[in-house]
Structures are given as C-alpha cells and as structure tokens.
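# A look at the structure
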Amino acid sequence: MDPSFWHQRWEKNEIAFHEGKANPLLVKHFHELSLAKGRRVFVPLCGKTLDISWLLSHGYRVAGAELSQLAIEQLFLELGVQPEISQVGEVEAWSAKNIDVVVGDIFALSRKILGPVDVVYDRAALVAFPEEMRKRYTAHLTEITGKAPQLLICYEYDQRLVEGPPFSVSNEEVKRHYSDKYELTFSASIDVSGGLKGKCPARENVWLLKNV
C-alpha cells in the first residue's frame, strides 16, 4: 500500500469509499458481538467514517488508526470536539472524550500505544491492503489488539475485472489469516448495489471472529 496514494485521495477529496451514513452491516450485526456499553472498539484505517459517530452514540468508546491527518481533522470537526494532540513515537495521538485516534502508519502502532481493546471493527482496513500485505496486517492487528474479537466486513468480486482498493478478499483467505487464532462465523453476505464501482458484481461478506 502506497501512503502517497491515500494522501492524494484525501487531498483531492476522492473519497467515494466514505459513506454518508453509518454502514448498514455495522448497524445490523454489531450486536452479535455482545459488547457492553462503555467498552472500547478499535477501528483500523478509520478515515472520517460515520461509523465512529454511530459507535459513540451507542455508548461505546472508540480507538482509531488512520494514515491521513486531513481525514482526522475532518473527523473531529464533524464530531464537534476539540482534540488534544501529542506525539507518541512515530505517530500522533488525537484524543477527546471517549475517542482516541492514532495518526500515522498503522504498522508503527504498538499494543502499548493503542491501549486496551475489547472489539475490532474492520470494514475498511483488510480490503485496503494489497494481497502481499494482508498477511502482515492481520498478524499485526492480532498482536496489537491482544486477539480481540472482530466484526469483519470484506468485499468479494472478480479482481481481474476491477482494480482495488477495495481489494477482493475471499472467504478462504479470511480463514487462512484467522482460523488458527479465532472461532470464525460467517454471518451474512449481501450483493453490492450496482456492483463494485459500477463495473462488476460484488458481495460484502460479514464475519464474526471470536476467541477460541
């Protein structure tokens, strides 16, 4: 994953991946993790997703990680809160009531910097990495979150027809990355309305990853 690619997307406001409402699959399936209010949810590669606002409004605390500072500036502006900003190693920590976001390379994020995590919500991270980086990412995510349970949403489509990101991640690949660490439950699969980028049929697959 080329960092300059994502910086340019945000600078040019080419963020079609940003949804104008909370993700319907989050709204429908998050309760399946049975997470108590006040617990902490980690959202990797969070951008300025409205999923964060939804999580906060439902009584959860949120931790995020994002490469683009511009995205996080917009996130806090839209939340209407003023963050405290500090440098922590190679990353910046942006914090306000019930929300902490690390700005920088997610691979520079350690378990110590991130802090305790009760659940991971991954809608935009695994599918953002090209195939050669996904093994590294999943191992790193498992490490820094202490193998916290996950709600994972992946796209699946014919990668030959459309270039990612988001990249196609098959069910077999999900199992390859996570089956030795979690009990996996395939929760749902829905068609992407209009296809992926309007070019080819695609599905969104929802996985629950719970501790063995």
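Bear in mind the structure is a predicted one, so any value in this text is a computation, not a measurement.

This part covers the packing of aromatic side chains. Tallied over the entire structure, the rule returns seven aromatic pairs. Where Phe76 meets Trp94, the ring centres are 6.0 Å apart and the plane angle is 35°; that geometry is what we call tilted. One end of the pair, Phe76, is in helix H4 (residues 69-79); the other, Trp94, is in strand E4 (residues 91-96), with 18 residues separating them in the sequence. Neither residue differs from the other here; Phe76 and Trp94 are each classed as buried. A network of ring pairs unites the aromatic residues Phe30, Trp54 and Tyr60 as a single cluster.

Looking now at the side chain of Asn205. You can see Asn205 is positioned in strand E9 (residues 202-211). Assessed through its relative accessible area of 1%, Asn205 is described here as buried.

Let's shift gears to the packing of helix H3 (residues 50-57) against H4. Where H3 meets H4, the closest approach of the two axes is 10 Å, and the angle between their N-to-C directions is 40°. Relative to H4, the element H3 is oriented oblique. Crossing angle aside, the handedness with which H3 passes H4 is right-handed. Listed contacts from H4 to Leu50, Ile52, Ser53 and Leu56 of H3 are Leu75, Glu78 and Leu79. Of the residues contributing to the contact of H3 with H4, the split by class is five nonpolar, one polar and one charged.

Note that Thr145 resides in the loop between helix H6 (131-144) and strand E7 (150-157). With a relative accessible area of 5%, Thr145 lands in the buried category. Engagement of the side chain of Thr145 in a polar contact is seen with the backbone oxygen of Leu141, the distance being 2.7 Å. In contact with Thr145, not counting residues within four places along its chain, are Phe42, Leu114, Val117 and Val120.

Conventions we followed
Residues numbered from 1 in each chain as written. Predicted model: local features only at pLDDT ≥ 70, side-chain atom pairs only at ≥ 80, totals over all residues. Heavy atoms only, no water. Phe/Tyr/Trp six-rings, centres within 6.5 Å; stacked < 30°, edge-to-face > 60°. Helix = DSSP H or I, 4+ residues; strand = E, 2+ residues; numbered from the N terminus. Buried < 20%, exposed > 50% of the residue type's maximum accessible area, 1.4 Å probe, protein only. Axes fitted to C-alpha atoms, helices over the stretch in contact; angles between N-to-C directions. Parallel < 35°, antiparallel > 145°, perpendicular 65-115°, else oblique. Left-handed = near helix turned anticlockwise from the far one by under 90°. Contact = heavy atoms within 4.5 Å. Nonpolar A, V, L, I, M, F, W, Y, C, P; charged D, E, K, R; others polar. Polar contact = N/O pair within 3.5 Å; in protein donor to acceptor, adjacent residues only side chain to side chain.

That's the geometry; what it means functionally is another story.
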